[in-house]
Amino acid sequence: MKNTAFYWVTQLGLLSHPEGGYYKEIYRAQELIEKPALPERFSGDRNHSTAIYYLLEKGDFSCFHRIKSDEIWHHYAGGVIHIYLLENNKIKLLKLGMDLESGEQPVCVVPRNTWFAAEPAPDTEYTLAGCTVAPGFDFHDFEMADAVQLQNYLKIDPKLIRRFINKKKIFY
C-alpha cells in the first residue's frame, strides 16, 4: 500500500492542485522579509521560505509556469519526475530521482523566473516530491505560460511545448 499514490495522498492529506497533481503546504516561515529589502520583482512582503509536498501520478503534469523565487525540488518516494526548464532558447531536462548512475538527482533547482513544466517519467506510476521556495511562495509571484510567451521554444520542440501549455487548467 505504501507504494501507491493513493497511500501518500490520503496519509499526507494532499489536495488537488489546480496546476496538476496533489499538494499540501507543510511550512511557511513566520518571519517576513519586508518589501524594501526585496528585489523590485516582488510586489510586497514575503515569508522567508515555504515548502510543500507535491505528488504527480502517471498521466498528470505541471503546466509551464514560472515564479519569482528559486524553487528547490526534493525527491521523497516513487519514480522519476522529468522537469523541463526553458533557458536561453534551449530546453533542459532535469531528472528528479534516486538513480544517480542514470543521471537522476535527488535535489534539483529551478532558478527564479525560469519557465518550467514537470511530468512523471514514462515508466513512473507516481512521484512524491517536495518543493521549497525562498523567498516564500506567494500567488502574486506565479505566472502560467501561453503559446505567445513560449513562441521561441515552440520552434525547438512544438510537441513538448504544446503538451504543457495551460489549455484547460485554471490557477486560483
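Described in the following lines is the structure provided in the data block. (Residues numbered from 1 in each chain as written. Predicted model: local features only at pLDDT ≥ 70, side-chain atom pairs only at ≥ 80, totals over all residues. Heavy atoms only, no water.)

**Some thoughts on the overall build of the protein chain**
Part 1: Scanning the protein chain from N- to C-terminus turns up 3 helices and 13 strands.
Part 2: The globule rule puts the C-alpha radius of gyration for 172 residues at 16 Å, and the 16 Å found for the protein chain is close to it.
Part 3: Projected onto its principal axes, the C-alpha positions of the protein chain cover 45 × 40 × 35 Å.
Part 4: The buried share of the protein chain, reckoned over its 172 residues, is 44%.
Part 5: Excluding contacts between residues fewer than 6 apart, the proportion of contacts in the protein chain whose partners are at least 24 apart in sequence is 73%.
Part 6: Per element, the accessible surface of the protein chain, about 9500 Å² overall, is 52% carbon and sulfur.
Part 7: Separation of charge centres in the protein chain, based on 20 positive and 22 negative side chains, amounts to 6 Å. (Helix = DSSP H or I, 4+ residues; strand = E, 2+ residues; numbered from the N terminus. Rg over C-alpha atoms; globule rule 2.2 N^0.38 Å. Buried < 20%, exposed > 50% of the residue type's maximum accessible area, 1.4 Å probe, protein only. Contact = heavy atoms within 4.5 Å. Areas by Shrake-Rupley, 256 points an atom, 1.4 Å probe, with all protein chains shown as cover. Lys, Arg positive; Asp, Glu negative; His and termini not counted. Charge placed at Lys NZ, Arg CZ, Asp CG, Glu CD.)

**What to know about the sheet that holds strand 1 (residues 15-16)**
Part 1: Strand order in the open sheet formed by 6 strands is 1-2-5-12-7-10, with antiparallel pairing between adjacent strands. Only two strands of the sheet have a single neighbouring strand rather than two, namely strand 1 and strand 10 (107-110).
Part 2: Relative to strand 12 (residues 126-134), strand 5 (residues 50-57) runs antiparallel, the two sharing 8 bridges. By the bridge assignment, Leu55 is partnered in strand 12 with Leu128.
Part 3: In this fold helix 1 (residues 5-12) packs onto strand 2 (22-28), strand 5, strand 7 (70-78) and strand 12, with an angle of close to 150° to the strand it touches most, strand 5. (Pairing = 2+ DSSP bridges. Axes fitted to C-alpha atoms, helices over the stretch in contact; angles between N-to-C directions.)

**Some details on the nonpolar core**
Part 1: Grouped together as the largest cluster of nonpolar side chains are 15 residues, with contacts concentrated most on Trp73, Ile81, Ile83 and Leu96.
Part 2: Elements with a contribution of two residues or more to this core: strand 5, strand 8 (81-87), strand 9 (90-96), strand 10, strand 11 (115-120) and strand 12. (Core = buried A, V, L, I, M, F, W, Y, C linked by side-chain atoms within 4.5 Å.)

**Details of the side chain of Glu19**
Part 1: The residue Glu19 is located in the loop between strand 1 and strand 2 in this model.
Part 2: Of note is the side chain of Glu19, whose polar atom sits 3.4 Å from the side chain of His65. (Polar contact = N/O pair within 3.5 Å; in protein donor to acceptor, adjacent residues only side chain to side chain.)

**Digging into the sheet that holds strand 9**
Part 1: Pairing is antiparallel across the open sheet formed by 5 strands, whose spatial order is 9-8-11-6-13. The open sheet has two free edges, formed respectively by strand 9 and strand 13 (142-144), since each of these has just one partner strand. For this sheet, the mean angle separating the axes of adjacent strands, direction not counted, is 30°.
Part 2: For strand 6 (residues 62-67) and strand 11, the ladder comprises 2 bridges, and the chain directions are antiparallel. The residue of strand 11 that forms the bridge with His65 is Phe116.

**With respect to the pairing of strand 7**
Part 1: As judged from the 8 bridges shared by strand 7 and strand 12, these two strands associate in the antiparallel manner. Residue Gly78 lies in a different strand from strand 12, and its bridge partner there is Thr127.
Part 2: Where strand 7 lies against strand 10, 4 bridges are found, and the strand directions are antiparallel. The residue of strand 10 that forms the bridge with Trp73 is Cys108.

**Quick notes on the packing of aromatic side chains**
Part 1: Overall, the coordinates contain 9 aromatic pairs when judged by the stated rule.
Part 2: Seen in terms of ring centroids, Phe64 and Phe164 are 5.9 Å apart; in terms of plane orientation they differ by 85°. Their pairing is edge-to-face. One end of the pair, Phe64, is in strand 6; the other, Phe164, is in the segment after helix 3 (158-163), with 100 residues separating them in the sequence. Phe164 carries the same exposure label as Phe64, and that label is buried.
Part 3: Put simply, the rings of Phe61, Phe64, Tyr84 and Phe164 pair up and form one aromatic cluster. (Phe/Tyr/Trp six-rings, centres within 6.5 Å; stacked < 30°, edge-to-face > 60°.)

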